[in-house]
Amino acid sequence: AFVTRRGRDYELARTEAGEAEVRINNWDSAFDPLNTGSAYYPNVRVITPYRIRAVWSGQLYRLFTGYVERWPQKWEDERGTSRLQVVDGLATLAGTQLQGSLGSEILADLPHAYWPLDDGALSSTAKNKAITTSASLAIQASPNGGGFGYFGSTMQLQSEQSACWRQTRTVTAGTLDTFGTCLGAPLTLPQLADGIVVDLWAKFASLAGGYAYTLFALKGSAFSSNADHRIALLQIDSTSGQPVLRVSTSGGTLQDYLGTASGYNDDVWHHYTVHLTATTANLWVDGSLRATGVPVSTTGSTIDYFEIGGEVDAWITGGADGIMVGDFAHVAIFEAASVDDRRVAVRANAGLTGFPERTGARTTRLLNYAGWKAGRAIDEGLSYLGAAATIARQTLLAAVQDVASSENGLVFVDGSGYLRFVDRSVRYNQTLKYTFGENEAGGEIPYETDVEIDYDPRYVFNDITVTRSILRLPDGTVITGGSSVHLKDEASVKAYFNRTMDKQSGVNSISQCNAEATWLLANYAQPRARLSKIAITPSANPDLWPVALAVEIGDLVRVKRRPFGGGDIITLDCYVEQVSHRVQPNEWKVVLSLSPELLSTYAGQSSWVLGTSVLGIDTI
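Reading the values: the criteria
Residues numbered from 1 in each chain as written. Predicted model: local features only at pLDDT ≥ 70, side-chain atom pairs only at ≥ 80, totals over all residues. Heavy atoms only, no water. Pairing = 2+ DSSP bridges. Helix = DSSP H or I, 4+ residues; strand = E, 2+ residues; numbered from the N terminus. Axes fitted to C-alpha atoms, helices over the stretch in contact; angles between N-to-C directions. 1 Å grid on protein atoms, 1.4 Å probe; cavity = no way out; pocket = protein on both sides within 12 Å on 5 of 7 lines; lining within 4 Å. Points joined across faces, edges and corners; volume = space filled by probe spheres on them. Nonpolar A, V, L, I, M, F, W, Y, C, P; charged D, E, K, R; others polar. Parallel < 35°, antiparallel > 145°, perpendicular 65-115°, else oblique. Contact = heavy atoms within 4.5 Å. Buried < 20%, exposed > 50% of the residue type's maximum accessible area, 1.4 Å probe, protein only. Phe/Tyr/Trp six-rings, centres within 6.5 Å; stacked < 30°, edge-to-face > 60°.

For the rest of this paragraph, the subject is the sheet that holds strand E31 (residues 463–468). Across the sheet, 3 strands lie side by side as E32-E31-E33; this open sheet has mixed pairing. The open sheet is flanked by strand E32 (484–488) and strand E33 (500–505), the only strands paired with a single partner. When strand polarity is set aside, the average angle formed by the axes of neighbouring strands in this sheet is 15°. Where E31 and E33 come together, 6 bridges link them in parallel fashion.

Quick look at the structure:
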């Protein structure tokens, strides 16, 4: 016997993970995880892939694909059974916590080392979140003191708001001597010949004096050809904001590759990427290539020390050089013989641009962040979402559900295990798939007669507020005012009293909130006839098998009811919101949860609202 359930009870609820309970014969203890003599040992374990399939007239139907969560052992009349508890792929999303768009883009590229620098204010080290290495960055102070650094400052971009590292320094009047605090760690890195990528975000303001701020430095303790053991470093002029990539030759001479743009000392976050090999030196700023060169006779010394925000050389007595006044975040190192310009741009755009994006693109982004390996079928979506500022520390399941809610679409895992995102245009414009009714001779599909049609006031909403969750402009400014739309249907209020709905939406513009609120009133201000469930029993009528095995969440169906005492035929067009197979010896029943067909759809970002629209978002 088994029972499966996929979908949701009604259309405004969130789709939760599908579930199946499967009763299996375990008389010989073959499905006991502790039975080492089982032919299945050691694969009787949690998160074992599991599927339920059926074949009718040579056609294969996939009913459920997921993973066994539990194998409880029970005995009835001394004979063993196990009631498997199975969940579909949505459950795996619930255990995945997202890092935010910046961190997720980095982790997706498998860094050699990665320090978000979002550690707590009382931390003395920066945690490494990479899989390959575990070295933390420690606070490094100049032997002569001066300046300080701390975790817990605020990084604010389009894509997210998080903590970061901030540092200051002391400048001795009339000299170039600088003392302060930065971050550093012993870290064995791949050699330049193998290819190194250093990726980081930094922000600093202009400071007169033309100080050579050091954003990062790669050093080798055994490299004695120059006094500071420098192998490569990225510096930037504190006054002009012009970067320079410096790479040491085997003789210790630093070759300089000057950036073709300046002005990065504007107290705004910028993304820096450096790629170094024995024959390549490239610098990108905000996704654009700004310096390139061909190093000559680069050092072959081992790189074993890494510094961020300055140089506090442990092998030099006293002094410090290039300590920067500013903020740092999301520092990563990759091994790469070559660099894909597109990937560099993607990591930059994860914080700076790329928004707004359609709901389908956001769903794809989230699945990529979480490493979803199963199949997917993603519609484009109509709604435009703002920056992915809310996903940090969300589970992937919650983030995907939020996207579906903002689209007023549908997200679920189908019987084949594919994650499907269905936008509201596809839902509204689909063709009728099945007609259920009593007229079998006319092609209608017979269903169980224990149905109930009701005008349920729980589904009436006439006072709608749609609030935009969060919005950041390209410069990082947070828009908090004018972020809600409130609409009422007075005729509905007079007839059915005040029935409120407050909804958070991740859309980018207030005009979309307005369109959604209008749509919600159109569909829910007046009560509509609802048929919550119907059931068909193919075990009693073999002609029903093709429908019972193929019906899927989101299908548009028609249900007809002919009252026994006469009167007009009741006809309801509905969406399938949930599919449940209930199987036991000699009976197979399929129960469908239904919701009324949508009365309309609405466009994405297409208009502005006087007094609430934002320049550069709704208007130009």
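Let's shift gears to the layout of surface pockets. For the largest pocket, the calculated volume is near 640 Å³. Lining the largest pocket are 39 residues, and of these Gln401, Asp402, Ser405, Ser406 and Lys503 sit closest to its centre. Only helix H4 (359–370), helix H5 (396–407), E33 and helix H8 (510–524) provide two or more residues apiece to the lining of the largest pocket. Looking at the lining of the largest pocket residue by residue, the class counts come to 18 nonpolar, 13 polar and 8 charged.

Here the focus is the packing of H4 against H5. Across the interface, H4 lies against H5 with an axial gap of 10 Å and an inter-helix angle of 175°. The pairing of H4 with H5 is recorded here as roughly antiparallel in orientation. Packed against H4, whose contacting residues are Thr359, Arg362, Thr363, Leu366, Leu367 and Ala370, the element H5 presents Leu396, Ala399, Val400, Val403 and Glu407 at the interface.

Another aspect to go through is the sheet that holds strand E25 (residues 376–378). Within the open sheet, the 3 strands sit side by side as E25-E28-E27. Their pairing is mixed. Strands at the two margins of the open sheet, each flanked by one partner only, are E25 and strand E27 (410–413). Put simply, the sheet's adjacent strands are angled 10° from each other on average, direction ignored. Here E25 pairs with strand E28 (residues 419–422) via 3 bridges, running parallel. Paired with Arg376 across the strands is Leu419, a residue of E28. Here H4 sits on the sheet in contact with E25 and E28, set at roughly 155° to E25.

With that out of the way, let us pick up the pairing of E27. Burial of E27 is two-sided: the residues Leu410 and Phe412 facing one way and the residues Val411 and Val413 facing the other way are all buried. Pairing between E27 and E28: 4 bridges, direction antiparallel. Along E28, the bridge assignment pairs Phe412 with Arg420. Turn length for the E27-E28 hairpin, with the two strands adjacent in sequence and antiparallel, is 5 residues, and the turn residue Gly417 shows positive phi of about 90°.

What follows concerns the packing of aromatic side chains. Under the defined criterion, the tally for this structure stands at 15 aromatic pairs. Centre to centre, the rings of Trp115 and Phe306 are 5.6 Å apart; their planes meet at 20°, and the pair counts as stacked. One end of the pair, Trp115, is in strand E7 (residues 113–115); the other, Phe306, is in strand E22 (residues 305–308), with 191 residues separating them in the sequence. With relative accessibility at 0%, the residue Trp115 sits in the buried group.

Below, the discussion takes up the pairing of strand E36 (residues 556–561). Taken together, the 3 bridges between strand E29 (residues 434–436) and E36 define a ladder with parallel strand orientation. Pairing of Tyr434 across the sheet is with Val557, part of E36.

Residues apart from glycine generally show negative phi values, whereas peptide bonds are mostly found in trans. In this structure, the amide linkage connecting Tyr41 to the following residue, Pro42, adopts the cis form with an omega of 5°. Relative to the helices and strands, Pro42 resides in the loop between strand E2 (16–25) and strand E3 (48–56). With a phi angle near 55°, Asn408 is a residue other than glycine that sits in the positive phi range. Looking at the element boundaries, Asn408 is found in the loop between H5 and E27. A positive phi angle, near 75°, is found at Asn586, a position not held by glycine. Residue classification places Asn586 among the exposed residues on the basis of a relative accessible area of 81%.

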